[in-house]
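# Breakdown of the fold
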Amino acid sequence: MNGRIEKRLPTSVCVYLAALEEPRAPERTLTENVSPHGVRVISQRSWRSGEESLVTFLTGEFPQVGKVIYCVPKAGDRFCLGVEFPTRTVKWGEHSSD
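Here the structure is a predicted model, which is why all the values come from computation and not from measurement.

Conventions used here
Residues numbered from 1 in each chain as written. Predicted model: local features only at pLDDT ≥ 70, side-chain atom pairs only at ≥ 80, totals over all residues. Heavy atoms only, no water. 1 Å grid on protein atoms, 1.4 Å probe; cavity = no way out; pocket = protein on both sides within 12 Å on 5 of 7 lines; lining within 4 Å. Points joined across faces, edges and corners; volume = space filled by probe spheres on them. Helix = DSSP H or I, 4+ residues; strand = E, 2+ residues; numbered from the N terminus. Nonpolar A, V, L, I, M, F, W, Y, C, P; charged D, E, K, R; others polar. Pairing = 2+ DSSP bridges. Axes fitted to C-alpha atoms, helices over the stretch in contact; angles between N-to-C directions. Buried < 20%, exposed > 50% of the residue type's maximum accessible area, 1.4 Å probe, protein only. Contact = heavy atoms within 4.5 Å.

### Structural notes on the layout of surface pockets
In this structure, the second largest pocket encloses a volume near 160 Å³. Leu-17, Ala-18, Ala-19, Glu-21, Glu-22, Ala-25, Glu-27, Gln-44, Arg-45, Trp-47, Arg-48 and Glu-51 are the residues that line the second largest pocket. Ranked by the residues each element gives to the lining of the second largest pocket, the list is headed by strand β1 (residues 14–19), at three residues. Of the residues contributing to the lining of the second largest pocket, the split by class is five nonpolar, one polar and six charged.

In structure tokens form, the structure reads like this:
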């Protein structure tokens, strides 16, 4: 089967993004779109496909461990990451800044 199973919603949520290897060095950033098992998030650095990440809501909730599926350049020396949450479902409506 190819393609997405879950619909993505264009939602901007403030989060902390960190590499699982360096969880004490997070960057504060925004999501571009979300789904129950993933997120597209903006980063200041390039990530490797398969790299593990921590996405934490600014409300201080338990971080979501994810796996980087893709990383593509974005204007202004930024990158867009596709991060999958394979073991948890995220209820983004509770965190939306819309």
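Once the structure has been displayed, the description carries forward.
### As for the sheet that holds strand β3 (residues 38–43)
Note: strands within a sheet are paired through backbone hydrogen bonds, in either parallel or antiparallel orientation. Read around the barrel, six strands follow the order β1-β2-β3-β6-β5-β4 and close on themselves; strand pairing throughout is antiparallel. The mean inter-strand angle of the sheet, taken between neighbouring strand axes irrespective of direction, is 45°. For β1 and strand β4 (residues 52–57), the ladder comprises five bridges, and the chain directions are antiparallel. When the bridges of β4 are listed, Tyr-16 appears paired with Thr-56.

### Details of unusual backbone geometry
Even without glycine at this site, Asp-77 takes up a positive phi of about 60°. Considering the arrangement of structural elements, one finds Asp-77 in the loop between β5 (64–74) and β6 (78–84). The exposure class of Asp-77 is exposed, given its relative accessible area of 71%.

### Details of the environment of Glu-6
The topology assignment puts Glu-6 in the segment before β1. The spatial distance from the C-alpha of Glu-6 to the C-alpha of Gly-38 is 9.2 Å, given a sequence separation of 32 residues. Filtering out sequence-adjacent residues up to four positions away, Glu-6 remains in contact with Ser-35, Pro-36 and His-37.

Interpretation in functional terms is not warranted from these geometric data alone.
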